[in-house]
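Descriptive analysis of the structure
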Amino acid sequence: MFSTSDCAHMARALQLAARGAYTAHPNPMVGCVLVRDGEVVGEGWHRKAGEAHAEINALRVAGEKARGATAYVTLEPCAHSGKTPPCADALIDAGVGRVVAAMQDPFDDVSGRGLARLREAGIVTDVGLMQAAAESLNAGFLGRVSNGKPQVRLKIAASLDGAIAMASGESRWITGPEARHDVQKQRARAGAVLTGVGTVLADDPSLNVRARDIDTQGLQPLRVVLDSRLRTPASARMLALPGATLVCCTGEHDATALESAGAEVREFGAHGAVVNVFEVLAELGEREINEVLVEAGPVLTGYMLDKGLVDELVIYQSPHIMGSNTRRMFNTPTWNALADRRTLDIRDVRRIGSDTRITARITN
């Protein structure tokens, strides 16, 4: 059904789509390549919500050369009017002869309608080329649209023997500068960065994107602090930085000082002694956040792992052995047998400077 050239052009469209990793959210990342008579006549990608979609940008480049061309798109062209006009109509008006989509859009306002409109206009449509790669690229968006929950990615920096800090709490720096810069990229692609009040009190983190070479178009992830008893100080560094901070507590507390410092304070239900993280993630889904990056201590990370709330692990492992007087990655006091362990599907292993980055999905 698909030729070698079809695969090559879709691979290029996926590359283009990935350029929107830091700026496209809450929209999906989408790329488009227009090809006529074997020649690429237009390329485009969706940069930022509210701006032109990938197909429109590619059509602008192609001009009249789009007539009779094949459009390779990583996601079904939209058929509804939102902040921009329907892309399906634009492709029809441009006279495109064929559309190859990596996957159908699960969003209710689009799902199947864009492809149907193209077929009704006499345009040949093919779906499913490199679908797995397209789904992986937009896993957060697809999950949020399908079940209301953003993708949760847990970041850990650890030594080769699994330590994240010395017993005293000393942890700067376990990994090298290249790995720390890569974490900035992880933050840039996340709609929210989640931590616990213990980390705020111990480290006073910024949790923002600071690297000048990462173009976020001024976007900063929402900083989310789980703080059942509202112990976050109004002097916390993150509150003075660009971007918003959501502090999640349980019960009624005096939030005057925090709100005056710029924080949004919301009350959630309790799950035992902690904030109900299920409710927090549902709230983030309602706020159209596709991906949540968790940067927290072993108690919160162990809790989220135990409750099945983590979709993906990103572990930066340094070539050091820190010994036994250390703090471990996760605190999971209820895990007492091999049957309690979690199975990982390791998706990627690569060197980042002198460190190793392991990306893995949790399969059980």
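To be clear, the structure that these remarks concern was listed above.
All figures in this text were calculated on a predicted structure; none of them were measured in a lab.

Description of the environment of Asp182
- Summarising the element assignment, Asp182 is placed in helix α7 (residues 177-189).
- The class of Asp182 is buried, set by a relative accessible area of 8%.
- Counting along the chain gives 134 residues from Asp182 to Tyr316, while the straight-line C-alpha distance between them is 9.5 Å.
- Contact partners of Asp182, with chain neighbours within four places excluded, come to Tyr316, Ile352 and Arg357.

Thoughts on the sheet that holds strand β1 (residues 31-36)
- With mixed pairing, five strands are arranged side by side in an open sheet as β2-β1-β3-β4-β5. Whereas interior strands pair on both sides, the edge strands pair on one side only; in this sheet they are β2 (39-45) and β5 (124-127). With strand direction ignored, the average angle separating the axes of adjacent strands in the sheet is 15 degrees.
- Across four bridges, the pairing between strand β3 (residues 70-73) and strand β4 (residues 98-101) is parallel. Looking at β4, one finds that Ala71 is bridged to Val99.
- Helix α1 (residues 4-17) rests against β1, β2, β3 and β4 of the sheet, and its axis sits at about 145 degrees to β1.

Describing the sheet that holds strand β15 (residues 312-318)
- Across the sheet, nine strands lie side by side as β11-β10-β9-β8-β14-β6-β15-β18-β17; this open sheet has mixed pairing. Two strands in the sheet have a free side with no partner beyond their single neighbour: β11 (264-268) and β17 (344-352). On average, adjacent strands in this sheet sit at an angle of 25 degrees to one another, irrespective of strand direction.
- With five bridges joining them, strand β8 (residues 192-196) and strand β9 (residues 222-226) adopt parallel strand pairing. Note that in β9 the partner of Leu194 across the bridge is Val224.
- Helix α11 (residues 298-306) rests against β6 (151-159), β8, β9, β14 (291-294) and β18 (355-362) of the sheet, and its axis sits at about 110 degrees to β8.

Looking at the pairing of β18
- Along β18, six of the eight residues are buried, which leaves the element largely enclosed by surrounding structure.
- In the sheet, β15 pairs with β18 via six bridges, with the strands oriented antiparallel. When the sheet's bridge partners are listed, Tyr316 is paired in β18 with Arg357.
- Where β17 meets β18, eight bridges bridge the pair, whose relative direction is antiparallel. Bridged to Arg350 within β18 is Arg357.
- Turn length for the β17-β18 hairpin, with the two strands adjacent in sequence and antiparallel, is two residues, and the turn residue Gly353 shows positive phi of about 65 degrees.

Each value, and the rule that gives it
Residues numbered from 1 in each chain as written. Predicted model: local features only at pLDDT ≥ 70, side-chain atom pairs only at ≥ 80, totals over all residues. Heavy atoms only, no water. Helix = DSSP H or I, 4+ residues; strand = E, 2+ residues; numbered from the N terminus. Buried < 20%, exposed > 50% of the residue type's maximum accessible area, 1.4 Å probe, protein only. Contact = heavy atoms within 4.5 Å. Pairing = 2+ DSSP bridges. Axes fitted to C-alpha atoms, helices over the stretch in contact; angles between N-to-C directions.

Remember, this is a structural readout, not a statement about activity or role.
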